[in-house]
Amino acid sequence: MVKTLHIVAFNIPFPADYGGVIDIFYKLKALHKLGVKIILHCFEYGRNKSSELEEFCEKVYYYKRNMNPVGLLAKTPFIVQSRKDNELLKNLLKDNNPIFFEGLHTCAFLNSPELKNRIKVVRLHNIEHQYYHHLANLEKNLFRRYYLKNEAKKLLCFEENLNSEYQLICISEKDKTYYSDKIDNVTYVPAFHGNDKVISKIGKGKYVLFHADLSVSENNSVALELVKVLSDKALVIAGKNPSKQLIKTCIANKITLIPNPDYAQMQQLIADAQATVVYAFKSAGMKLKLLNSLFIGRFCIANTEAIASNELESTCVITQSMNEIKEKYDKVMSTTFTEVHLNERKTILDSYFNDEMNAKKIIHNLSLETVN
């Protein structure tokens, strides 16, 4: 008999157009393909209900995220407090099936007495308190900086709710190392990404691409720095909601900026580029855009903070600093992407970043029965 799994998502995971929801959406697909029946619970937050999810789920529940600022006064982190909905608990109690919590965001009822005897897993997308502290350091708005620093402190305290009674599944090896120092029952399952095979084009492209959600402060900062470093080079920047400052800077430096490209356009930009740049000021979870770039694009210039998995280092052109990117740019633009590059990449990605294989790891860890 095929078993059923509750998955509690911090947002509606379709369209799969940013890091966290990409991992959730393609995990749903992979588990469904292997015969797992999924009851999905998701919080509405800036996204519409999605009929597409019904293709992979037996049932989809939606909950309004409570954005009342009074929640900021709670000891619980706001990202958790705002998703504390008693209807979620009631729906989880309708059966005794295992529960898969996506991120600390969804863990308001993790240690609820009513769920004490349930099989539970927490998927950790990040070391959240470190991430929020990092965002605070980048934030210029004083009120938002205060919120982020306060949230970071609360998230560090909230981590004490995690324990060895249930399994933690980290999205990166670096995160696994961090949590393994605190808790025994920690495993690593790479990010789900939806790519079936490596389709990178042989040959050369004519530009280097930086693609990201440009409304995120770190991505905006990286983009601005790249314009400074590569102002005289063929650089394309593409992504959601670029800031006025970035738009102005790109115009002044004659850099191509493509705001809010759709999925197909973004995939084509990655495929046609000679290289993509994936850069982070601080290590934080798994960069899904890195995986997408490696499956679809040619070369990838990345720093070690952006590479969350040791297996991926050999697939990238490593840069140690922003200033070094210019040197790497010249090297990459003069190099043809060959069958040798392609086959080396296939070997690594097929071995470690296969969605079906990683879904089977989750199934095994939960002792779920599936169809072949």
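Fair warning: this is a prediction, and the values are worked out from it, not measured in the lab.

## Here's the deal with the confidence of the model for the protein
- Counting all residues, the mean pLDDT for the protein is 92, and 97% of those residues have values of 70 or more.
- Across the protein, helix α3 (residues 86-92) holds the top mean pLDDT of 98, while helix α10 (residues 288-296) sits lowest at 90.

## A word on the packing of helix α7 (residues 217-229) against helix α8 (residues 244-252)
- Where α7 meets α8, the closest approach of the two axes is 10 Å, and the angle between their N-to-C directions is 15°. Accordingly, the angle class assigned to the pair α7 and α8 is roughly parallel. The crossing of α7 and α8 is left-handed. Contacts between α7 and α8 involve Asn220, Ala223, Leu224 and Val227 on the former and, on the latter, Gln245, Leu246, Thr249 and Cys250.

## Some points on the pattern of salt bridges
- A full pass over the atoms with the stated rule returns 14 salt bridges.
- With its nearest N and O atoms 3.8 Å apart, the salt bridge here joins Glu356 to Lys33. Placement of Glu356 in helix α13 (residues 355-366) and of Lys33 in helix α1 (residues 19-33) is noted, with a sequence separation of 323 residues between them.
- Given a relative accessible area of 65%, Lys33 falls into the exposed group.
- Here Lys228 makes a salt bridge to Glu225, at a shortest N to O gap of 3.6 Å. Placement of the pair is Lys228 and Glu225 together in helix α7, with a separation of three residues, close to one helical turn.
- Here the salt bridges share partners, and the residues they tie into one network are Asp23, Lys27, Glu102 and Arg123.

Reading the values: rules and limits
Residues numbered from 1 in each chain as written. Predicted model: local features only at pLDDT ≥ 70, side-chain atom pairs only at ≥ 80, totals over all residues. Heavy atoms only, no water. pLDDT = per-residue confidence, 0-100. Helix = DSSP H or I, 4+ residues; strand = E, 2+ residues; numbered from the N terminus. Axes fitted to C-alpha atoms, helices over the stretch in contact; angles between N-to-C directions. Parallel < 35°, antiparallel > 145°, perpendicular 65-115°, else oblique. Left-handed = near helix turned anticlockwise from the far one by under 90°. Contact = heavy atoms within 4.5 Å. Salt bridge = Lys/Arg side-chain N within 4 Å of Asp/Glu carboxyl O. Buried < 20%, exposed > 50% of the residue type's maximum accessible area, 1.4 Å probe, protein only.

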